[in-house]
Amino acid sequence: MEKLIEMLNSLYPEIDFTKEKSLMSDRILDSAAVVSIISEIEDEFDVSVSMEYIQPKYFESAETMWEMIEELL
């Protein structure tokens, strides 16, 4: 998870990914940000994020992103 937080912080240093729990609901992340994050996740963790995972619930927080990554590994 630490690797994910570092990656997210490098992309969006203005967001505190350790505290934010409603990134999509509160519109902190938009669809362009999600596309960027997906690309970075795929590169960093050598996974392929399929369409079933491209849903707001997987991008609400660093924790939900990490759960998705663990499912994909």
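Residues numbered from 1 in each chain as written. Predicted model: local features only at pLDDT ≥ 70, side-chain atom pairs only at ≥ 80, totals over all residues. Heavy atoms only, no water.

Engineer: Mind showing me how you'd approach the nonpolar core here?
Structural biologist: L4, I37, I41 and F59 are the most contacted members of the largest nonpolar core, which totals 26 residues. Elements with a minimum of two residues in this core: α1 (2–11), α2 (31–45) and α3 (62–72). Sort the elements by how many residues they give to this core and α2 lands first, with six residues. Each residue touching I37, except ones within four places of it in the same chain, is listed here: M7, L8, L11, Y12, L29, F59 and M65. (Core = buried A, V, L, I, M, F, W, Y, C linked by side-chain atoms within 4.5 Å. Buried < 20%, exposed > 50% of the residue type's maximum accessible area, 1.4 Å probe, protein only. Helix = DSSP H or I, 4+ residues; strand = E, 2+ residues; numbered from the N terminus. Contact = heavy atoms within 4.5 Å.)

Engineer: Explain the pattern of salt bridges to me, please; I cannot follow it from the model alone.
Structural biologist: Pairs can form between side chains of opposite charge whenever their charged atoms are close. Counted according to the given criterion, the structure contains two salt bridges. In this structure, K3 engages E44 in a salt bridge whose closest nitrogen and oxygen atoms are separated by 3.8 Å. Of this pair, K3 sits in helix α1 while E44 is found in helix α2, placing the two residues 41 residues apart along the sequence. On the basis of relative accessible area, K3 is assigned to the partly exposed category, the value being 40%. Look at E44 and you get partly exposed, because its relative accessible area is 36%. Put simply, E63 and K21 hold a salt bridge, and the shortest N to O gap is 2.9 Å. In this pair, E63 sits in helix α3 while K21 sits in the loop between α1 and α2, placing the two residues 42 residues apart along the sequence. (Salt bridge = Lys/Arg side-chain N within 4 Å of Asp/Glu carboxyl O.)

Engineer: I keep staring at the packing of aromatic side chains and nothing clicks. Help me out?
Structural biologist: To describe a pair of aromatic rings, one takes the distance between the centres and the angle between the planes. As enumerated under the stated definition, the model contains two aromatic pairs in all. Taking 5.8 Å as the distance between ring centres and 65° as the angle between the ring planes, the aromatic pair formed by F45 and W66 counts as edge-to-face. Of the two residues, F45 is situated in helix α2 and W66 in helix α3; the sequence distance between them amounts to 21 residues. In this structure, F45 and W66 share a single accessibility class: buried. (Phe/Tyr/Trp six-rings, centres within 6.5 Å; stacked < 30°, edge-to-face > 60°.)

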